[in-house]
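Structure at a glance
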Amino acid sequence: MIKPSPKPPRCFTIPPGKPFVDALAAGLLEETAADPSLLADYRILLPTRRAVRALREAFLRLNGGRPMLLPAMTPIGDIDEEALFFETSAFPEAEASLPPAIPELRRRLLLSELILHKGLARKDGLAPPSPDQAALLAAELGRLLDRVETERLSFEGLLKLAPEDYASHWQETLGFLGILTEHWPAILMAEGCIGPADRRNRLLELQLKAWMKTPPKGPVVAAGSTGSIPATADLLNRVGRLANGRLVLPGLDRFMDEESWARLDPTHPQFGLKQLLERLEIARAAVRDWPAPGIAETPPLRAELASELMRPAATTDAWHRGRREWNAALREVSYVECRDPTEEAGIIALLLRRALEEEETRAALVTPDRNLARRVAAELRRWAIEVDDSGGTPLGATAPGAFLRLIAHLAGEAMAPVPLLACFKHPLAVGGLPPGAFRRQTRALEAAVLRGPRPGSGFEGLKRALEASGHPEKAKLRAWLAALETAAKPFVQAVAGRKARLKDLLDAHVRFAESLAATPEEPSGSRLWAGEAGEALADFIADLRQAARSFPPLAGASYAGLFESLLAGHAVRPKLGQHPRIHIWGPLEARLQHADLVILGGLNEGTWPPEAAADPWMSRPMQAKFGLPLPERRIGLAAHDFAQAFSALRVVLTRAGRVENVPTVPSRWLLRLESLIGSLEAIAAKESLRWCAFLQQPIETFAACAPCPRPLLAARPRKLSVTEIETWMRDPYAIYARRILKLEPLDPLDADPGAAERGRFIHEALDRFVRAHPGRLPKDAVAKLLAIGRQVFGAALAYPGVAAFWWPRFERIAQWFVAKENDRRAGLLESATEVRGRLVFEAPGGAFLLTAKADRIDRLREGGLVILDYKTGALPKPKDIEAGLSPQLPLEAVLAAAGGFEGLAKEAVAELLYLRLSGGTPPGEEKTVQKNPEKLMLEAREGLARLIAAFDDPATPYLSEPRLTVRPAYRAYEHLARVQEWTNPREGGDS
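Predicted model, so just to flag it, every value in this text is computed and none were measured.

A large share of strand 21 (residues 909-917) lies buried, amounting to seven of its nine residues. In this sheet, strand 21 lies alongside strand 20 (residues 865-871) in parallel orientation, the contact comprising seven bridges. The partner of Leu-868 across the bridge, within strand 21, is Leu-913. As paired elements, strand 21 and strand 22 (residues 924-930) share six bridges and run antiparallel to each other. Its bridge partner lying in strand 22, Tyr-914 is registered against Lys-927. Between strand 21 and strand 22, which pair antiparallel in sequence order, lie six residues; one of them, Gly-919, sits at a positive phi of approximately 75 degrees.

Take a look at the structure:
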């Protein structure tokens, strides 16, 4: 390191109450007022490229938009050779030549390979990380490398960390980092590259050497940096000591007492500035105010409040030694506590929109919460406002990025229903057809094979399920699937393979995506790469293809997860079309920016400030011993960002009381503010909550009414089953929807056969068993019933849930059923199972046919019939049976007594019996409805006759759940009838 000259640096600060870039520009314009052309000789060093753009806009704003010569402005945070100001005569070109920084994707894949193949061999018997897990670890490892290079440390310092001092898993990690130390430098050398942080350090050091050798002739101003990077701090030290150099610090605290200044910790906003001043050997009192004529400043009391707000914990007892009034400081500060992020985003959007009513007012949301930022951007679109969101949109969340992710998961999950529909219903998926035609084919395939239990894997499974479906458009769907299979085959085969090169998988992936995105007008699928998001995705694919050139073969099943891991972290930032006066900034992007209204959103602990996250590679003691700054340093930087933004002209503080229905904790800065001023109620902006509530209200409201359809008599059903009679009484609208509108409920996607068909499995197994053994049961009856059960369950036993849960229950049911059956057989003449019946009722509207399929009917030796019903779910309530609301068994008895069942002669019914088969404890239960059911049968017959007659009246409506106290257990048409809207208006909204 080059020793600086003894001349003390010339150091200034711009107080937090002044907009930094405007104040900086105003001071420079004042210096060059006599000759504006002199400004072109200035060199301004700024922390970031965004700060450079902000200062450029400030010059133009202060100059009224007139053309002017601007100074040379350089971002030292992401500096490159073109941005340096070397004097060629004093600095040879060979010395300035540096290897390029290794591309980020290439570095991640190389580090992933190291993680997979050079280290982290698990000694605890657990599986090594998968490729996608390795990629995530590689991202963290890259950040560790950047931190080490930024702090100018060496991994040789790992030797100081004695493994025996740490837990076993940290010993394994240290062992891996030792391997990294051994291999990574050689890998970088083979690549002809260096680390990005190392390259930035070298460039800054070269600049420092150049200026030590030949100082620049024109004025140099380094502004806005806190010197948190050691190489930057050295350059700032040199700039401040140049004859024509100056430092301009952001928001140095003038109000803090010396005791507090001496006791700062890394979580304090001034900690970084204190370290920089100590490095520069400048006392805080020696730092002067930067002259900024004509720039408005918030009252100094606001900056003093911010200072008190951030007082070190060790000296907060000063708050109680003398209470102060802060009303003047809080005159333009307001606070809104919202119910949830949705309300918070709505209120912030309203405040930003309202700011546009004020001429020339610039407004900005500053938040580290990316979800909140996206919500606000979406809310602003209701007014057709496209906002400048500095964080951009995650590439994986854009239309083309999501499309490629869906295609990867589609192949990885072997064409399973959910990923298939998610992919094929994406707007970019058209497969060479007009969009409408492709959507129709997708919906037809969904109806034919994707609803209900999952078909077999891959296109073969889809085709087999289609052939068995009996769908009327089977031939057309078969041809459509064949074309898709041809396009997808290379990618699907690569993903299904045991090993494949990442580059080959990526190429097959892209070819299938282009094929699926092709339209009749663009058969090449080039529309996948259109627009800013498409261009960004094309750049990512090109970078990944180049980075993957030497990545070792991997299992195709790992590709989807790896692709998604690598895609994460890339964002798309629109270049044009944003509103010029509204912005969304992250805390980093907000540094040095100017806005008249600043909204600080997401002020919850863990969000702002962020949690001090654990490092997967080094524990806190390891980081401290190694020489890395502790995670609390991030909290200090976040605190500095908050304090700067809090000092804007107008400030609104917002937070959500619940996030994902979980209560949140207010940010520590809000709690400190409450302690200082007594209560946040004093600055609560409740009118904002009223605005948001008013905006959410519809222009016109009216009470929702229950549906009341009255179809023509000719359209009304003349045939129903005994199970539908109960539905007819409890929910006539369901009969209307199913029998008149012909609407059948859709089965769920990828349904679990154990849940969807367990009742059918048990019924069929018992039916087969009783038919196979009509007389005395064999000694091995339980084994025979279980063998029948295995046949009936069939392929469903391959599902873990069925094998682990429902099959053991069936085994218990079999034991119980055989024991009960042995007791019953002595008194039986015969048993009929799954027997169908029918009976015609004469009614005002003509003949009405009642049908039934009884689970079982037994003929007793002593005379009479027993009607049995197997129930795998809950039994009907006795009071519902007596009231006629559960008439299934009584109506089946009516049919039996009238000789309405096939193969059974007319005979009196002696008993109605339920067999509840749960497989639990107990596994089964006999429940007699009534031993002499004549009264129930008579009431059921008369009740059915009255019901038929009522609905034969065209004036009788098919109401939805007319008696809410006797709702049906299964309500498939509740959403169609919009029951929630007219039973719970506040929950359901308007109709």
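Time to look at a nonpolar patch on the surface. On the surface, Leu-741, Leu-743 and Leu-976 cluster together to form a nonpolar patch covering roughly 210 Å² of accessible area. By relative accessible area, which is 35% here, Leu-976 ends up partly exposed.

If you walk through the whole model with that rule in mind, you get 59 salt bridges. With its nearest N and O atoms 2.9 Å apart, the salt bridge here joins Arg-382 to Glu-379. Across the pair Glu-632 and Arg-620 runs a salt bridge, and its minimum N-O distance is 2.7 Å. You can see Glu-632 sitting in helix 25 (residues 632-646) and its partner Arg-620 sitting in helix 24 (residues 620-626), a full twelve residues away along the chain.

Let us now look at the side chain of Asp-767. Mapped onto the fold, Asp-767 is located in helix 30 (residues 753-772). Under the relative-accessibility criterion, Asp-767 is labelled buried at 13%. One polar contact links Asp-767 to Arg-771, side chain to side chain, over a distance of 2.8 Å. If sequence neighbours within four positions are ignored, Asp-767 has contacts with Thr-833 and Glu-834.

Turning to the sheet that holds strand 3 (residues 72-75), a few remarks are in order. Here we have six strands laid out as an open sheet, ordered 3-2-4-5-1-6, and parallel in their pairing. Bordering the open sheet on either side are strand 3 and strand 6 (288-289), each of which pairs with just one other strand. As judged from the two bridges shared by strand 1 (residues 11-14) and strand 6, these two strands associate in the parallel manner. Among the inter-strand pairings, Thr-13 is bridged to a residue of strand 6, identified as Asp-289. Helix 8 (residues 230-241) rests against strand 2 (43-46), strand 4 (220-223) and strand 5 (245-250) of the sheet, and its axis sits at about 125 degrees to strand 5.

Turning our eyes to something else, we now look at the environment of Leu-912. Inspection of the secondary structure puts Leu-912 in strand 21. With a relative accessible area of 0%, Leu-912 lands in the buried category. Remark: the alpha-carbon pair of Leu-912 and Val-866, spanning 46 residues in sequence, is separated by 5.8 Å.

Relative orientation of the contacting elements helix 5 (residues 131-150) and helix 7 (residues 196-213) amounts to 20 degrees, with a least axis distance of 7 Å. Between helix 5 and helix 7, the angle is such that the two are roughly parallel. At the point where helix 5 passes helix 7, the crossing takes the right-handed sense. Mapping the contact onto sequence places Asp-146, Glu-149 and Thr-150 in helix 5 and Pro-196, Ala-197, Asp-198, Arg-200 and Asn-201 in helix 7.

So, on to the environment of Leu-603. You can see Leu-603 is positioned in the loop between strand 13 (597-600) and helix 24. Classification of Leu-603 as buried rests on a relative accessible area of 0%. With 65 residues separating them along the chain, Leu-603 and Arg-668 place their C-alpha atoms 8.6 Å apart.

Here the focus is helix 19 (residues 474-496). Along its 23 residues, helix 19 runs just 27 Å from first to last C-alpha, ending more than 12% under the 33 Å computed at 1.5 Å per residue. In the structure, helix 19 departs most strongly from a straight axis at Ala-488, where the bend amounts to approximately 55 degrees and where the proline Pro-490 lies between one and four residues downstream. All buried positions along helix 19 are accounted for by Lys-474, Leu-477, Trp-480, Leu-481, Leu-484, Ala-488, Phe-491, Ala-494 and Val-495. Summarising the contacts, the buried residues of helix 19 are in contact with helix 15 (399-412), helix 16 (417-424), helix 17 (435-450), helix 18 (458-467), helix 20 (502-517) and helix 22 (559-567).

What follows is about unusual backbone geometry. Residue Pro-609 is reached from Trp-608 by a cis peptide bond, and omega for that bond is 10 degrees. Checked against the element boundaries, Pro-609 lands in the loop between strand 13 and helix 24. The omega torsion across Thr-921 and Pro-922 is 0 degrees, close enough to zero to call that bond cis. In this structure, Pro-922 sits in the loop between strand 21 and strand 22. Even without glycine at this site, Glu-360 takes up a positive phi of about 65 degrees. The residue Glu-360 is located in the loop between helix 13 (341-355) and strand 8 (363-366) in this model.

Time to look at the confidence of the model for the chain. On average, residues of the chain carry a pLDDT of 87, and 94% of them reach 70 or more. Throughout residues 1-5 the model reports pLDDT below 50, and contacts reaching past four residues in sequence, or to other chains, amount to nine contacts. In this model, residues 85-95 is a region of pLDDT below 50 whose contacts with residues beyond four sequence positions or in other chains number 21 contacts.

Let us now look at the side chain of Lys-18. If you trace the backbone, Lys-18 turns up in the loop between strand 1 and helix 1 (20-31). In this structure Lys-18 is buried but unpaired, with Glu-297 as the nearest side chain of opposite charge at 4.3 Å.

The next point concerns helix 26 (residues 668-677). Taken residue by residue, helix 26 has Trp-669, Leu-670, Arg-672, Leu-673 and Leu-676 as its buried positions. Around the axis of helix 26, the buried residues are gathered within 160 degrees of arc, so they sit on the same side. The secondary structure elements touched by the buried residues of helix 26 are helix 11 (300-309), helix 12 (318-321), strand 7 (333-338), helix 25 and strand 14 (650-656). A positive phi of about 100 degrees marks Gly-678, the residue just after helix 26.

Conventions used here
Residues numbered from 1 in each chain as written. Predicted model: local features only at pLDDT ≥ 70, side-chain atom pairs only at ≥ 80, totals over all residues. Heavy atoms only, no water. Buried < 20%, exposed > 50% of the residue type's maximum accessible area, 1.4 Å probe, protein only. Helix = DSSP H or I, 4+ residues; strand = E, 2+ residues; numbered from the N terminus. Pairing = 2+ DSSP bridges. Patch = residues over 30% accessible without salt bridge, like charges linked within 9 Å, V, L, I, M, F, W, Y side chains within 5 Å. Areas by Shrake-Rupley, 256 points an atom, 1.4 Å probe, with all protein chains shown as cover. Salt bridge = Lys/Arg side-chain N within 4 Å of Asp/Glu carboxyl O. Polar contact = N/O pair within 3.5 Å; in protein donor to acceptor, adjacent residues only side chain to side chain. Contact = heavy atoms within 4.5 Å. Axes fitted to C-alpha atoms, helices over the stretch in contact; angles between N-to-C directions. Parallel < 35°, antiparallel > 145°, perpendicular 65-115°, else oblique. Left-handed = near helix turned anticlockwise from the far one by under 90°. Expected span 1.5 Å × (residues − 1). Bend = angle between axes of the 7 residues up to and from the residue. pLDDT = per-residue confidence, 0-100. Lys, Arg positive; Asp, Glu negative; His and termini not counted. Arc of directions from axis to C-beta.

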